[in-house]
Every structure is written in structure tokens, then in C-alpha cells.
Amino acid sequence: MTAGMAGDRPPARLTDAVVDGVEATVERVLDLLSFDTANPPGETARLADAVESQFESLGIETERVVADPAKPNLLATMPGESDRTLLYNGHFDTVPYDAARWSHDPLGERVGDRIYGRGATDMKGALAAMLGVATAYVETGTTPPVTLQFAFVSDEEVAGEPGIPTLLDSDRLDADWCVLGETTCDGDRHSVTVADKGSVWLTLAADGTAAHGSRPVLGENAIDRLYEAVERIRREFGTQRLELDPEIEPLVAESVEYYAPIMGETVARELFEYPTINLGTIEGGDSVNSVPASATARLDIRLTAGIQTRDVLRRIRDCAADCDGIRIDDVSWSVGTHESLESPLVGAVTESATAVTEDRIYRRSATGGGDAKKLRNAGIPTVEFGIGTDTVHAVDEYTTVDALQDNALVYATLPYHLDAEQPGGSRD
């Protein structure tokens, strides 16, 4: 491959190859969509075989890291001028679909400039764009300024152990930066996700006293007790403004700007400045004419990055202990993570995306959390960036030809922007 000077602008031959190869990228995403990888069951082995063949046809070294043979993870590495490594990460699996509800083939159909299919925008379109990047570098004989690694994983949609946790536990990843291809842009609104929220998922259980439904005063209604406990948690925690770290405040401000046109500024501000508390499920009772003796509810609580989840959970436990007949049966929790807005990775992705889209790129927090959190917790600076549509997980999910091309352009030029951020690069 032809080597370039460190810190050079992306060569025109590379970006021209991405644009000229857009129809091949469309065919590539249609091929990826033809494999049904709905999770559950999330069987991705055949798709991994097909992607591995594409890398091998380009002469790119591949490796599999497998905990479950039905759900392999695939690594591919393209050496660069520097051993500093940029990781492109994405997932093979998709959420399930009901084909009867679709107007287009959920296993791939092109209509004009739209490509329909389950996973088109989440996230087989991004995978196809990443494969297009590898193809452009190889076919133009361009050596990237940094080493490029591709990690395509399984089991992301259900946060399963065979996916990214297995890959991280294998110690095969030694990346300096990671861009994850989740959709973060929709239409004319573009963003890079640089943070995620912490979470508390807990199961509240209530005990009561059974009685006949015609004589409820003789019993103790477990569902009533449970709902009163949920309302108390909402009252005591959901209405208290979070004490945000000063480092987080600019990120929150930009996140509010991004979401305000969608939900209104007040609601967008509350989304990040206060905990969110969602009563996801509630179960209890045997029949309409009986006072329920037991009930359970599951709560989903989200906290902006920088908040110590453990402290909040301790207060929730104390609150539940003060409620008659209430106990916490199960808890899982996580702490939100974030990248500094001044980090080289955030700067490079923002610059690369700005150059391609010619639009403002908001640097924002996600409202949930996924594999980016796991990668950051493993010490790999990570952001999410993907141009797509608002049809993630929806019926007739689709992406567009322009989104595929622009994603590939951002991913292909990102190594040069990253190189320019490093000592000795063009900005030194």
C-alpha cells in the first residue's frame, strides 16, 4: 500500500473510492440483511462466515473470539503507519420482527434510495459502511495513518455475555480509540454520542393479606402497597435535581439543545437534570374478586453520567425499608460513563462528521447505555456515531443510500483527523 505523511489530509483517491463504491455498499448491506439474525435466538454464525470471507478477499487478517458457536465475534486488523489503533465496532444481531406487519421484506429490499430490512439502520448499514472503508483502503493501496481494527460482535441486543464481554475478556482488544456504529443522527440532525446514563433496575415485592373482593377492609392490598411505594420513590427521588459535576454541565447543555426540538426544552432539561423513573412491569393478584396477597413491580431508573449510582441505590433501599410490606428482591445497576468534550476522539469524530455533513454535530449523551459503556469501562475511549433514520427497532426499518455513503466517508476520514490530534501530527 502507498504510505502517506502522518497528519496528511485524507487523500482524494480514498474519498473518491468511497463515493464511487456506494452501489457496492448498497449491495453489501442487502447481503447482510438477507441473514436473519433476530435476537433471540441471535444466531449469527452464517453472517459472520460471510463477513469473514469479505475481509479475507481483501487480504485482511481475521480472528474469531467465541464463547457460543452460534454467536461468534469477528476481529479483523489492517496495519497502519502507526501502531496506535482505531477500533470500528458494530453488532451482527437485530431485534425480532413480525414479517406480517411489514410492507417491505424484513430481510432486505431496496426501493429507490431506501434500503428496508430489520437491522438496516441498527446496525447492518453501519457494518456495510465499515466494510466499504476497508475496501476503499485496500483497492486504492492506501495505508491508514493508524492501525484499523474491526470488531463485529454478537448478542448486543440482549446484552449477552457471548458478545462484547467475551471479546473484552479475551484481551484481544488493545485499541486507543473506538467508534461504535449506532445510529446517532436522523434526517438533518447530526450528533456524536459521547456519554451514557447510569441505571438501576430493581424488583420491588409487596406482601399483603388476602380477602374476598367484596370485603376489602378485611385484607391488605399488596398492589396498593406496591404502588404507594413506587409513588414514594418517584416523589423522593424523581423530583430532586441531580448535583451534576461541573465537567458534565457543558455535555448536558449540548444534550438539551439536541433534544429540545424533539420534546421541548423543559422536558429535555428534566431528562438530564433529574432522575428518570419508569414503572416497567407490575404483577399481582389472582382474580378480580380477591384482595391480592402479593405483588411485584420492576423499576427502571436512569441517572446522568457523573452521578454515583451506588449512593442513589442506598437511599432507595432506605426508602423501601420504610414502606410497610415492601422489600427489594433483585437489583442490577451501572454507573454512567462519558468522554471529555475536549478529548482527541470527540474532536476528531466531530471534525470528520462536520466535513462530510456540512452541518453542526451535537456532542450529546445517550439516554440509555450499551456496548459503549462496556468499552469505556475497559479503558477504551469510545463514542457512537452513525447516520441513519428514526426507524430503529420499528416496522419497515430502513436506511438510505446517502446515509451509507456519508457513514463510510466519516469512518474512512476519521483516522486522518485522529492522527492530526496526536503529538507529531499536523497540529503539533
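Each remark here, short or long, concerns the structure printed above.
What counts, and where the lines are drawn
- Residues numbered from 1 in each chain as written.
- Predicted model: local features only at pLDDT ≥ 70, side-chain atom pairs only at ≥ 80, totals over all residues.
- Heavy atoms only, no water.
- Buried < 20%, exposed > 50% of the residue type's maximum accessible area, 1.4 Å probe, protein only.
- Helix = DSSP H or I, 4+ residues; strand = E, 2+ residues; numbered from the N terminus.
- Pairing = 2+ DSSP bridges.
- Axes fitted to C-alpha atoms, helices over the stretch in contact; angles between N-to-C directions.
- Parallel < 35°, antiparallel > 145°, perpendicular 65-115°, else oblique.
- Left-handed = near helix turned anticlockwise from the far one by under 90°.
- Contact = heavy atoms within 4.5 Å.
- Nonpolar A, V, L, I, M, F, W, Y, C, P; charged D, E, K, R; others polar.
- Expected span 1.5 Å × (residues − 1).
- Bend = angle between axes of the 7 residues up to and from the residue.
- Patch = residues over 30% accessible without salt bridge, like charges linked within 9 Å, V, L, I, M, F, W, Y side chains within 5 Å.
- Areas by Shrake-Rupley, 256 points an atom, 1.4 Å probe, with all protein chains shown as cover.
- Salt bridge = Lys/Arg side-chain N within 4 Å of Asp/Glu carboxyl O.

1. Quick notes on the pairing of strand β10 (residues 198-207)
Next, step 1: Burial analysis of β10 places eight of its ten residues in the buried class, which makes it a mostly covered element.
Next, step 2: Here β10 pairs with strand β14 (residues 294-303) via ten bridges, running antiparallel. When the sheet's bridge partners are listed, Val 200 is paired in β14 with Ile 301.
Next, step 3: Bridge analysis of β10 against strand β15 (residues 326-334) gives eight bridges, and the strand direction is antiparallel. Paired with Leu 202 across the bridge in β15 is Val 331.

2. Regarding the packing of helix α1 (residues 12-20) against helix α12 (residues 401-421)
Next, step 1: Relative to each other, α1 and α12 sit at 160°, their axes nearing to 9 Å. Relative to α12, the element α1 is oriented roughly antiparallel. Crossing of α1 against α12: the hand is right-handed. Two secondary-structure elements touch here, α1 through Leu 14, Thr 15, Val 18 and Val 19 and α12 through Gln 405, Ala 408, Leu 409, Ala 412, Thr 413 and Tyr 416.
Next, step 2: In the contact of α1 with α12, the residues fall into seven nonpolar, three polar and no charged.

3. Digging into helix α7 (residues 249-263)
Next, step 1: With 15 residues, α7 should cover 21 Å at 1.5 Å per step; its first-to-last C-alpha distance of 20 Å lies within 8% of that length.
Next, step 2: Of all the bends in α7, the greatest reaches close to 30° and is centred on Glu 257; the proline Pro 261 follows between one and four positions later.
Next, step 3: Where α7 is concerned, the buried positions are Leu 251, Val 252, Glu 254, Ser 255, Val 256, Tyr 258 and Tyr 259.
Next, step 4: The inward-facing, buried residues of α7 contact β9 (190-195), α8 (265-273) and β16 (361-365).
Next, step 5: Within two residues after α7, Gly 264 carries a phi angle of roughly 95°, on the positive side.

4. Some words on a nonpolar patch on the surface
Next, step 1: A surface patch of nonpolar side chains, amounting to about 250 Å² of accessible area, comprises Ile 262, Met 263 and Val 267.
Next, step 2: Within the secondary structure, Met 263 is located in helix α7.

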